[in-house]
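Inside the fold
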Amino acid sequence: MDNELDWKNLTFGYMPTDYNVRCRYRNGEWGEIEVSQSEMIDLHMAATCLHYGQEIFEGLKAFRGKDGKIRVFRLEENARRIRESAKGLMMAQLPEEKFIEMVKKVVALNARFVPPYGSGASLYIRPIEIGTSAQVGVKPASEYLFIIFVSPVGPYFKTGFRPTKICIMRQYDRVAPRGTGRWKVGGNYAASLTAGVHAHELGYSAVLYLDPKEKKYLDECGPANFIAIKDGVYITPASDSILPSITNKSLMQLAEDMGIKVECRHITVDELDEVDEAAAVGTAAVASPVGEIDDLDTGKKYVIAKDGNPGPVVTRLYDTLRGIQNGDLPDPHGWCTIIEE
Ligand code: PLP
Ligand code: COI
């Protein structure tokens with residue numbers, strides 16, 4: 001194939017691959033898994049996903065190891081989380097086993113797009129579910145389409161594993177206090193676009209949102225959870241309006257395995273003055289070091305990476321996570337699923 005693909009210089013974007021897999025929910029049940037070579041979907045103009053936002057998605061990755069094997073990271077967790085998102089929007093819930101089967105199938109079918117070991121790139125797996133039946137009244141659909149496609153990707157932040165600058169802007173919220181923030185709902189991302197574009201225009205890689213009720217505590221970044229290291233302790237916001245990140249959950253486990261104390265609690269903006277390291281963590285972001293956080297309302301700049309380099313704890317956590325994903329390190333928690341090609 002395309003061994004001419006420039007794996008080392010991939011960005012985080014869409015690239016066509018050979019196949020996607022699909023499953024439809026009709027008459028109260030999920031059908032058979034279909035393999036498709038089309039990048040298009042045929043959709044009714046009155047489908048609920050188009051009018052009332054019945055759209056949810058997931059993001060996970062597959063990696064090629066030095067041993068040549070393909071490993072998918074924690075797919076059972078994504079299978080569970082998308083069921084929670086579906087429940088949140090009154091959508092049909094895909095059984096976890098079906099999700100797992102679809103992921104295994106789509107990765108195996110597109111094995112030639114899994115970037116080689118050492119390239120730093122990975123195969124991003126994007127499951128989506130949409131309400132497809134025609135409706136004009138505001139009601140949940142009776143039919144749904146679940147699709148999983150894949151795309152080889154490089155780093156989410158242009159800087160890669162280098163500290164980036166993010167900002168706090170109180171005029172924007174991405175979710176409501178008791179809204180959809182804990183689910184992976186397309187509308188959350190639509191609601192974040194104005195702030196995201198504004199932040200990019202000002203030279204920041206992401207917005208660090210505050211809790212939408214009191215604007216007092218840190219919530220999360222546009223596409224990732226927020227973590228910090230303070231006096232040797234791993235701290236990360238406890239909040240009902242953030243996505244329960246599988247990467248964050250994994251890093252918390254790895255931190256504990258290393259003997260690092262983990263605290264999931266409210267973090268005030270002022271506390272940023274006392275943190276030694278920070279990172280944006282997620283499937284796409286992995287653990288991207290945050291070097292500086294500018295509060296654009298108060299004018300205060302929290303410089304975290306004082307020497308401009310990623311800190312030691314974030315580096316160790318990043319290396320351990322990536323080592324497990326690549327199969328370079330033992331996988332003591334059984335997080336990787338090997339794909340039969
Ligand atoms: N928070 C938001 C808003 C996200 O979009 C993501 C990405 O999936 C995350 C956090 C990180 O979650 P995960 O580590 O499960 O990818
Ligand atoms: C992910 O990390 O998988 C995401 O979904 C983040 C972003 C690309 C929306």
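Scroll up for the structure.
A quick note: this is a predicted structure, and the numbers were derived from the prediction, not measured.

What follows deals with the pattern of salt bridges. For the structure on display, the rule yields 19 salt bridges. Residue Glu 96 pairs with Arg 80 through a salt bridge whose shortest N-O separation is 4.0 Å. Here Arg 80 lies in helix H2 (residues 75-88) and Glu 96 lies in helix H3 (residues 96-109), a separation of 16 residues in the sequence. Look at Glu 96 and you get partly exposed, because its relative accessible area is 25%. Lys 261 is paired through a salt bridge with Glu 263; the nearest N and O atoms lie 3.1 Å apart. Of the residues examined, Glu 263 reaches a relative accessible area of 23% and is grouped as partly exposed.

Bringing the site of ligand 2 into the picture now. Every residue lining ligand 2 is accounted for by Phe 12, Phe 57, Gly 59, Tyr 124, Arg 126, Tyr 156, Lys 184, Tyr 189, Pro 223, Thr 283 and Ala 284. Measuring from an oxygen atom of ligand 2, one finds a side-chain N or O atom of Lys 184 at 2.7 Å. Here an oxygen atom of ligand 2 and a backbone polar atom of Ala 284 are 2.8 Å apart. Looking at which domains feed residues into the shell around ligand 2, each of domain 1 (7-153) and domain 2 (164-325) gives three or more.

Tyr 189, Glu 220, Ser 245, Thr 247 and Thr 283 are the nearest of the 16 residues found near ligand 1. Separating an oxygen atom of ligand 1 from a side-chain N or O atom of Arg 81 is a distance of 2.7 Å. A distance of 2.8 Å separates an oxygen atom of ligand 1 from a polar atom in the backbone of Ile 246. Protein coverage of the free-state accessible area of ligand 1, which is 380 Å², stands at 96%. Among the elements of the structure, strand E12 (224-230), helix H6 (246-257) and strand E15 (277-282) are those that each provide at least two residues to the shell around ligand 1. Across the shell around ligand 1, the residue classes tally to six nonpolar, six polar and four charged.

Cut-offs used in this document
Residues numbered from 1 in each chain as written. Chains lettered and ligands numbered in written order. Predicted model: local features only at pLDDT ≥ 70, side-chain atom pairs only at ≥ 80, totals over all residues. Heavy atoms only, no water. Salt bridge = Lys/Arg side-chain N within 4 Å of Asp/Glu carboxyl O. Helix = DSSP H or I, 4+ residues; strand = E, 2+ residues; numbered from the N terminus. Buried < 20%, exposed > 50% of the residue type's maximum accessible area, 1.4 Å probe, protein only. Near = heavy atom within 4 Å. Polar contact = N/O pair within 3.5 Å; in protein donor to acceptor, adjacent residues only side chain to side chain. Domains from an automatic or database assignment. Areas by Shrake-Rupley, 256 points an atom, 1.4 Å probe, with all protein chains shown as cover. Nonpolar A, V, L, I, M, F, W, Y, C, P; charged D, E, K, R; others polar.

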